[in-house]
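# An overview of the molecular structure
The residues making up each chain are set out below.
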Amino acid sequence: MITLYHCDAARSFRPLWMLEEMGLPYELKMLPFPPRVFAKEYLAVNPLGTIPFMVDGETKMTESSGICHYLGVKYGPTPLMVGPEDPAYGAFLNWMYFSDATLTFPQTLVLRYTQLEPEERRNPQVATDYAKWFLGRLRAVEAATANAETLCAGRFTAADIVIGYALRLASNIGLAKDFGPNVAAYWARLQQRDGFKRAVAAEQKAGAEQNVAPRARA
């Protein structure tokens, strides 16, 4: 049984969504955010104290987009993956890496300096600068979705899951108002997927059952 450690609306939503799209059985363990502060016992499980943390037998992973890739390869075949024989393989891999390194990174600094730091350490200038960084990088998604329903390979793939989470995070921290028209329409489509809705419902259900309150939204 796959075990996924997750915080409400955290980047661990990527593998949760992937699990739901693939219909794989899993156990979801909810933690308060950030767990390294509010659930120090979690450090015995994952010394980094970060989310996600996935356990699959002897396999242990901490990188959200990497976990999605792992699940798709190990438990495929699935149309969510794009193989090296496909002309879209390079684009697929690029989106998988772009999702966290380029899109989520600046958002974490916006979140930190607007919500997570104590009041006296918050920094509107840093938050504004990194919000602009994120929105500048988001131009790649705006261009890719100008004439396509999805990012690559002519179908919904894990690339849409990992990029879709970055859009969910942007929505949660108040950046969705600055989405371009193509990104806004793309994000609306992603939220209509049954797999996305199941992942949100699983997150809410596990949080309620495990008495872990959802995070405040911007």
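Structural data are supplied above this passage.
Quick look at the structure, then.

Calculation notes
Residues numbered from 1 in each chain as written. Predicted model: local features only at pLDDT ≥ 70, side-chain atom pairs only at ≥ 80, totals over all residues. Heavy atoms only, no water. Helix = DSSP H or I, 4+ residues; strand = E, 2+ residues; numbered from the N terminus. Buried < 20%, exposed > 50% of the residue type's maximum accessible area, 1.4 Å probe, protein only. Contact = heavy atoms within 4.5 Å. Areas by Shrake-Rupley, 256 points an atom, 1.4 Å probe, with all protein chains shown as cover. Lys, Arg positive; Asp, Glu negative; His and termini not counted. Charge placed at Lys NZ, Arg CZ, Asp CG, Glu CD. Pairing = 2+ DSSP bridges. Right-handed = clockwise from strand over helix to strand, strands pointing away. Axes fitted to C-alpha atoms, helices over the stretch in contact; angles between N-to-C directions. Parallel < 35°, antiparallel > 145°, perpendicular 65-115°, else oblique. Left-handed = near helix turned anticlockwise from the far one by under 90°. Nonpolar A, V, L, I, M, F, W, Y, C, P; charged D, E, K, R; others polar.

### Overview of the overall build of the chain
Along the chain, the regular secondary structure elements total 9 helices and 4 strands. With respect to the three principal axes, the spread of C-alpha positions in the chain is 50 × 45 × 25 Å. Evaluated residue by residue, the chain yields a buried proportion of 51% over its 218 residues. The long-range share in the chain, meaning contacts at least 24 apart out of those at least 6 apart in sequence, stands at 70%. On the chain, roughly 10500 Å² of surface is accessible, and the fraction owed to carbon and sulfur atoms is 54%. Separation of charge centres in the chain, based on 23 positive and 22 negative side chains, amounts to 3 Å.

### Topic: the pairing of strand β2 (residues 26–30)
With burial as the criterion, only one face of β2 is covered, namely that bearing Tyr 26, Leu 28 and Met 30; the residues Glu 27 and Lys 29 on the opposite face remain uncovered. Two elements, strand β1 (residues 2–6) and β2, share 5 bridges in a ladder whose sense is parallel. Residue pairing across strands places Tyr 5 opposite Lys 29, the latter belonging to β2. Assessed by its sense of winding, the connection that carries the chain from β1 through helix α1 (residues 13–22) to β2 is right-handed.

### Notes on the packing of α1 against helix α7 (residues 158–172)
Look at α1 against α7: their axes get within 9 Å of each other, and the N-to-C directions meet at 135 degrees. As far as their axial angle goes, α7 and α1 are oblique. Crossing hand, α1 versus α7: right-handed. Mapping the contact onto sequence places Phe 13, Arg 14, Trp 17, Met 18 and Glu 21 in α1 and Ala 158, Asp 160, Ile 161, Val 162, Gly 164, Tyr 165, Ala 166 and Arg 168 in α7. Class assignment for the residues of the contact of α1 with α7 results in 8 nonpolar, 1 polar and 4 charged.

### Some details on the environment of Leu 116
Position of Leu 116 among the secondary structure elements: in helix α4 (residues 89–116). Distance from Leu 116 to Met 96, taken between C-alpha atoms, is 27 Å for residues 20 residues apart in sequence. Ignoring sequence-local partners within four residues, the contact set of Leu 116 consists of Phe 33 and Leu 111.

On their own, these measurements won't tell you what the molecule is for.
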